[in-house]
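Commentary on secondary and tertiary structure
Each chain, written out:
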Amino acid sequence: MSASPALRPAPRWGGGGAPSHRRLVEDHLASLPHGLPRLRNLQELHAQLLKQGLHRDPRAASKLIASYALLRRVPACRRVFSAASAASGPHAAATTNTTLLANTLLRAYALNALPHAALAAFSAMPPRQRDTFTYSSLIKALAASGAAAPVRAAHAHVAKLGAVEDTFVGNALIDAYSKTGAAPDARKVFDEMPDRDVVSWNTAMAAMVRQGEVAGARRMFDEMPEKDTVSWNTMLDGYAKAGEAEEAFELFQTMPERNVVSWSTVVSAYCKKGDMEMAQVIFDKMPTKNLVTWTIMVSACAQKGLVEEAGRLFTQMKEAAVELDVAAVVSVLAACAESGSLALGKRIHRHVRLRKLGRSTLVCNALMDMFCKCGCVNRADYIFDTEIVEKDSVSWNIIIGGFAMHGDGEKALDLFVQMKQQGFHPDAVTLINVLSACTHMGLVEEGRRYFANMETDYGIRPQIEHYGCMVDLLGRGGLIEEAVDMIKSMPWEPNEVIWGSLLSACRLHKNVEYAELAVNELSKLQPSNAGNYAVLSNIYAEAGQWSDMAKARVQMKGTGSQKIAGSSWIELDEALHEFTVGDRKHPETDQISEMVDRLSSHVKHVGCVPADHELIVQ
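Since this is a predicted model, take the numbers as computed values, not measurements. (Residues numbered from 1 in each chain as written. Predicted model: local features only at pLDDT ≥ 70, side-chain atom pairs only at ≥ 80, totals over all residues. Heavy atoms only, no water.)

1. Describing the overall build of the protein
To keep things clear, this is the line we draw: Only DSSP runs of H or I reaching four residues or more are called helices, and only runs of E reaching two or more are called strands; each is numbered from the N terminus. Throughout, a contact is declared for two residues whenever any of their heavy atoms are within 4.5 Å. Throughout, the Shrake-Rupley method with a 1.4 Å probe supplies accessible areas, and for residues the shown protein chains are the sole cover considered.
When you go through the protein residue by residue, the secondary structure sums to 34 helices and 2 strands. Sequence-distant contacts, at least 24 apart, represent 62% of the contacts inside the protein between residues at least 6 apart. Carbon and sulfur atoms make up 52% of the accessible area of the protein, which amounts to about 31600 Å² in all.

Structure, rendered in structure tokens:
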């Protein structure tokens, strides 16, 4: 970054040119929609400005750039900037409007998380054109890199110019440091600011919330000399994220003024806590609801398995003429995927088709993920083959992982080959799915080859998840000693997933020695998990080691917890029905038991016999 001789304060809007020209520009700017513009309207206005030659006016060009930036149309931002800059000439003086034009482009890059483009635009900007807004916009853009080093470099640069005391620059630095994980730097900037405004306090408080320091944020909130609605909502958000719903509600009740964000945050806090009854009460009392509020409630109900309630809310949302956008669809589908709410997921799919949202890659990816996790991998495959317009690496990972998850390893590996043929580069997730496919098919040699060549063929260094897949693959294949050797060779400490995979393999192959090793290690990581001793007890029983079995059962009781009973559930008519062993709470228990007996007799008749290593300890 080149130094500038002096840093000017940010200019205000100015105007030049003949009065008639200025009136034309004002009329066109007034016709731009407030808030998020519609692309078609914006393009029509742009065409009018081009026709009349007004697109070169810096004020009109700046407004166009800002509007295109909101719609993520960065190439259009660049074209508008280039046309207006060319009209000014390469040696244009530092005027209010030329600075405004360059600053608007910087803000566009910041909004669209393009730090490298912002840095290039800043370097190309004559030093005499830079002001405090220039540096604050640059700092906001650099925060998108996720690294604190570029922000520190910009900080050092503005400190040399004496601009670090400017409130706009200070606020940008606090926000950028907090977003790049440098919370101490953010606090230092705040503490050293000679002049703070309400934005400074809000930004510093939001930085503490982002770090999970809710108590510290509350102290700062109480010390604020002046509060606005953002201050109250930031503190509410801190409580909501920490799962402290009661504290959020207590603060909410004392707010001098509430907006839809305030109400939505408290609803979200109770949803996160799992108190859906209270969330519904607050939701019903809301004076106005927006898309975010509806999405919070529908997603939370779907995530909690309240499929019928989620469906009812979804219907009400449509009746209220609230249109789902891409972000809302993805959020609801993610909740459906987590809870297995297939019926609601299908309704969302129909809605997506009707509203033409299915052209979005994000939506199609969310649909495929939901169908895969709800057991309908063929539906996911249909979307992948016929509905998705533009596939990305995530699309390939989802469909490969879906077939691997459902035991069709051959199809998963075929898709992996197609992925590479179509020019997509596999990533770490892809290789996890590939190794999982090899596990389900028992392809030990192929799995070894993929794992060994990850770094040379794809530039991917194996992570603990890849080692976990290999331990599972080797263990299922009966190569338990090799699996143990791999665990010992890992550059990380094995976690409970690794040892759990080994224990499962030992149960499958009745290996007492390494089962004892696995349970010993698991007892350190999960001291209160009785299930590990239950599995070991069963392995001892199958080996006829009855005294060891008795010891394992004593250890199981010594954990102070019970093994959680496994359960099965089925979705019928948008309602989930859950069953556990010996459960007779369902109103149609007798009919269900009768059908299970008939199915059991049938599978035995056709030759299916239960494996002899079933769990003995329930």
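2. Notes on a negative patch on the surface
The criterion, for reference: Patch construction takes residues with relative accessible area above 30% that form no salt bridge. Like charges are linked within 9 Å, and nonpolar side chains (Val, Leu, Ile, Met, Phe, Trp, Tyr) are linked within 5 Å. By convention in these notes, a salt bridge is any Lys or Arg side-chain nitrogen within 4 Å of a carboxyl oxygen on Asp or Glu. Counted charges follow a simple rule, with Lys and Arg positive, Asp and Glu negative, and His plus the chain ends left uncounted. Working definition for charges: the position is that of NZ of Lys, CZ of Arg, CG of Asp or CD of Glu.
A cluster of acidic residues, Glu481, Asp485, Glu513 and Glu516, forms a negative patch at the surface. Breaking the negative patch down by element, the ones donating at least two residues are helix H29 (480–489) and helix H31 (512–525). Positionally, glutamate 513 belongs in helix H31.

3. A word on unusual backbone geometry
The following threshold applies: Remark: exposure states derive from per-residue accessible area (1.4 Å probe, protein chains only) relative to the maximum for the residue type, with buried under 20%, exposed over 50%, and partly exposed in between.
In this model, arginine 72 sits at a positive phi of 65°, which is unusual for a non-glycine residue. Tracing the backbone through its elements, the reader meets arginine 72 in the loop between helix H3 (58–70) and helix H4 (74–88). With a phi angle near 55°, alanine 113 is a residue other than glycine that sits in the positive phi range. With respect to the helices and strands, the residue alanine 113 is situated in the loop between helix H5 (96–111) and helix H6 (115–124). The class for alanine 113 is partly exposed, based on a relative accessible area of 44%.

4. Comments concerning the pattern of salt bridges
According to the stated counting rule, one finds 16 salt bridges in the structure shown. For lysine 188, the salt bridge goes to glutamate 192, with nearest N and O atoms at 2.8 Å. On the criterion of helical spacing, the pair formed by lysine 188 and glutamate 192 is a turn pair, its members being 4 residues apart in helix H10 (residues 183–192). Looking at glutamate 192, the relative accessible area reads 52%, which means it is exposed. Among the ionic pairs, glutamate 482 bridges to arginine 448, the shortest N-O distance being 2.6 Å.

5. A word on the packing of aromatic side chains
The geometry of an aromatic ring pair is captured by two quantities: the separation of the ring centres and the angle between the planes. The cut-off we apply is this: What counts as a ring pair is set by centres within 6.5 Å for rings of Phe, Tyr and Trp (its six-membered ring), and what kind of pair is set by the plane angle: stacked under 30 degrees, edge-to-face over 60, tilted for all other angles.
Here the structure, examined in full by the defined rule, presents 14 aromatic pairs. With 5.1 Å between their ring centres and 85° between their planes, phenylalanine 283 and tryptophan 294 make a pair best called edge-to-face. With phenylalanine 283 in helix H16 (residues 276–285) and tryptophan 294 in helix H17 (residues 291–303), this residue pair connects regions lying 11 residues apart in the sequence. The exposure classification of phenylalanine 283 matches that of tryptophan 294, with both residues buried. Ring geometry for phenylalanine 384 against tryptophan 396: centres 4.9 Å apart, planes inclined by 80°, an arrangement best described as edge-to-face.

6. Some points on the packing of helix H18 (residues 307–319) against helix H20 (residues 342–354)
To keep it simple, the criterion reads: Every axis corresponds to a line fitted to the C-alpha atoms, with the helix fit spanning only the stretch in contact, and the corresponding angles, defined between N-to-C directions, vary from 0 to 180 degrees. Orientation categories follow fixed angle ranges, with anything under 35 degrees roughly parallel, anything over 145 roughly antiparallel, 65 to 115 roughly perpendicular, and all other angles oblique. Each residue is assigned to one of three groups, with Ala, Val, Leu, Ile, Met, Phe, Trp, Tyr, Cys and Pro labelled nonpolar, Asp, Glu, Lys and Arg labelled charged, and all others, Gly among them, labelled polar.
Where H18 meets H20, the axes come as close as 10 Å, and the angle between the chain directions of the two elements is 20°. For the element pair H18 / H20, the angle class is roughly parallel. Of the residues in H20, those touching H18 at Val307, Ala310, Gly311, Phe314, Thr315 and Lys318 are Leu344, Arg347, Ile348 and His351. Of the residues belonging to the contact of H18 with H20, the class tally is 5 nonpolar, 3 polar and 2 charged.

7. A few points about the UniProt feature "repeat: PPR" (unreviewed entry) in the protein
Short version of the rule: UniProt positions are given in the numbering used here, feature names are shortened, and annotations may be inferred rather than shown by experiment.
Cross-referencing UniProt, the feature "repeat: PPR" (unreviewed entry) maps to residues 166–200, 228–262, 290–324 and 392–426 in the present numbering. In the segment residues 228–262, helix accounts for 74% and strand for 0%; the C-alpha atoms at its two ends are 12 Å apart.

8. Here we look at the packing of helix H30 (residues 496–509) against H31
We count it as follows: Left-handed is the label given to a crossing in which the near helix is rotated counterclockwise from the far helix by less than a right angle, and right-handed is the label when the rotation is clockwise.
The N-to-C vectors of H30 and H31 enclose an angle of 150°; their axes lie 9 Å apart at closest approach. Here H31 runs roughly antiparallel to H30, going by the angle between their axes. Handedness of the H30/H31 crossing: left-handed. Residues Glu496, Trp499, Gly500, Leu502, Leu503 and Cys506 of H30 form the contact with H31, whose own contacting residues are Tyr514, Ala515, Leu517, Ala518, Val519, Glu521, Leu522 and Leu525. Its residues assigned to classes, the contact of H30 with H31 shows 11 nonpolar, 1 polar and 2 charged.

9. Some points on the environment of aspartate 325
Residue placement: aspartate 325 occurs in the loop between H18 and helix H19 (326–339). Taking the C-alpha atoms as reference points, aspartate 325 and valine 352, separated by 27 residues in sequence, lie 9.5 Å from one another.

10. Concerning the side chain of serine 200
Note on placement: serine 200 falls in helix H11 (residues 198–210). Contacts of serine 200, omitting those with residues within four sequence positions, involve Thr167, Asn171, Ile174, Phe190 and Met193.

11. What about H30?
Stated precisely, the cut-off is as follows: Multiplying 1.5 Å by the helix residue count minus one yields the expected span of that helix. Distance and chemistry together define a polar contact, namely a pair of N or O atoms within 3.5 Å, with one atom able to donate a hydrogen and the other to accept it when in protein, and with adjacent residues in sequence counting only for side-chain atoms on both sides.
In this model H30 runs 20 Å from its N-terminal to its C-terminal C-alpha over 14 residues, within 8% of the 20 Å that 1.5 Å per residue would give. Turning to H30, its buried residues number three or more, namely Ile498, Trp499, Ser501, Leu502, Leu503, Ala505 and Cys506. In this structure, the buried side of H30 is in contact with helix H28 (464–476), H29, H31 and helix H32 (530–542). With a side-chain oxygen positioned 3.1 Å from the backbone nitrogen of valine 497, the residue opening H30 is asparagine 495. Following H30 by one or two positions, lysine 510 has its phi on the positive side, about 55°.

12. What about the environment of phenylalanine 403?
Mapped onto the elements, phenylalanine 403 comes out in helix H23 (residues 393–405). Along the chain, phenylalanine 403 and aspartate 381 lie 22 residues apart, while their C-alpha atoms are 9.0 Å from each other. Not counting the four nearest positions on each side in its chain, phenylalanine 403 is found in contact with Val377, Asn378, Asp381, Asp408, Gly409, Lys411, Ala412 and Leu415.

13. Considering the confidence of the model for the protein
Inclusion rule: The predictor attaches a confidence to each residue, and that confidence, scored 0 to 100, is pLDDT.
When the pLDDT values of the protein are averaged, the result is 83; 85% of them are 70 or greater. Per-element averaging of pLDDT across the protein places helix H1 (residues 19–30) at the bottom with 52 and H23 at the top with 94. Between residues 11–19, whose pLDDT stays under 50, and residues either more than four places distant or in other chains, the model counts 15 contacts. Here residues 612–618 scores under 50 on pLDDT; set against residues more than four positions off or in separate chains, the count is 17 contacts.

14. Description of helix H8 (residues 148–160)
Here H8 is 13 residues long and its end C-alpha atoms lie 19 Å apart, about the 18 Å a rise of 1.5 Å per residue gives. All of the buried residues in H8 are Ala148, Val151, Ala154, His155, His157 and Val158. Tucked inside the fold, the buried residues of H8 contact H6, helix H7 (132–142), helix H9 (167–179) and H10. At the C-terminal side of H8, glycine 162 shows a positive phi close to 80°.

15. Description of the state of the cysteines
The following threshold applies: Count a disulfide wherever a pair of cysteine sulfur atoms falls within 2.5 Å.
Going through the model one piece at a time under the given rule, you end up with 0 disulfides. Cysteine 438 supplies the cysteine sulfur nearest to cysteine 469, a cysteine that is in no disulfide, at a spacing of 9.6 Å. Judged by relative accessible area, cysteine 469 falls into the buried class, the value being 13%.

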